[in-house]
Amino acid sequence: QVQFVESGGGLVQPGGSLRLSCAASGSTSNFYLMGWSRQAPGKQRESVASITSDGSGNYADSVKGRFTISTENAKNTVFLQMNSLKPEDTAVYYCKIIVGGRLYWGQGTQVTVSS
């Protein structure tokens, strides 16, 4: 009952920046949390950043100070500004939303950090 339009991924050089966006639609009113997780080859999916509807943000230690999460609540849209990107940030990034007691995932967008 939830659909996502996720975009902003691509190829960037180390030290560069990308901005991911995810617009959720459907049964997304009064969401509890929106955020991003990533999965790199050979690794488990990990939470990168999340934000609750009251604006409280949480970040993985590996991205703290480099990534910033924000939302546009009226449109159920979440953004991830990624600065000072490192090769180890390379992964598929998945948008997520918790609403109505359920967790929903987006399709994912590839982020590749390489020279």
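Residues numbered from 1 in each chain as written. Predicted model: local features only at pLDDT ≥ 70, side-chain atom pairs only at ≥ 80, totals over all residues. Heavy atoms only, no water.

The final tally for this structure, using the stated rule, is 1 disulfide. The partner cysteine of Cys 22 in its disulfide is Cys 95, sulfur to sulfur 2.2 Å. For the disulfide bridge between Cys 22 and Cys 95, the dihedral angle about the S-S bond is near -85 degrees, and by the sign convention the bridge is left-handed. Here the residue Cys 22 occupies a position in strand E3 (residues 18–26), and Cys 95 occupies one in strand E9 (residues 91–99), the gap between them amounting to 73 residues. (Disulfide = S-S within 2.5 Å. Helix = DSSP H or I, 4+ residues; strand = E, 2+ residues; numbered from the N terminus.)

Quick look at the sheet that holds E3 now. Judged by pairing direction, the sheet is antiparallel, and its 4 strands sit side by side in the order E1-E3-E8-E7 without closing on themselves. In this open sheet, the two strands that pair with only one neighbour each are strand E1 (2–7) and strand E7 (67–72). Across the sheet, the axes of successive neighbouring strands diverge by a mean angle of 15 degrees, strand direction being ignored. Strand direction decides the pairing type here: E7 and strand E8 (residues 77–82), joined by 6 bridges, are antiparallel. Its bridge partner lying in E8, Thr 68 is registered against Gln 81. (Pairing = 2+ DSSP bridges. Axes fitted to C-alpha atoms, helices over the stretch in contact; angles between N-to-C directions.)

Attention now goes to the packing of aromatic side chains. Evaluated as defined, the whole model comprises 0 aromatic pairs. In this structure, Arg 45 packs its charged tip against the face of Tyr 94, placed 3.8 Å from the ring centre. The ring of Trp 105 carries Arg 45 above its face, with NZ or CZ at 4.5 Å from the centroid. (Phe/Tyr/Trp six-rings, centres within 6.5 Å; stacked < 30°, edge-to-face > 60°. Lys NZ or Arg CZ within 6 Å of the ring centre and 35° of its normal.)

Counted by the stated rule, this structure contains 4 salt bridges. The closest approach of N and O atoms between Arg 38 and Glu 46, which form a salt bridge, is 2.9 Å. Note on Arg 38: relative accessible area 5%, which makes it buried. The salt bridge partner of Lys 64 is Asp 61, with a shortest N-O separation of 3.3 Å. The pair formed by Lys 64 and Asp 61 is uniform in burial state, with each residue classed as exposed. Each of Arg 38, Glu 46, Arg 66 and Asp 89 takes part in one network of salt bridges that share partners. (Salt bridge = Lys/Arg side-chain N within 4 Å of Asp/Glu carboxyl O. Buried < 20%, exposed > 50% of the residue type's maximum accessible area, 1.4 Å probe, protein only.)

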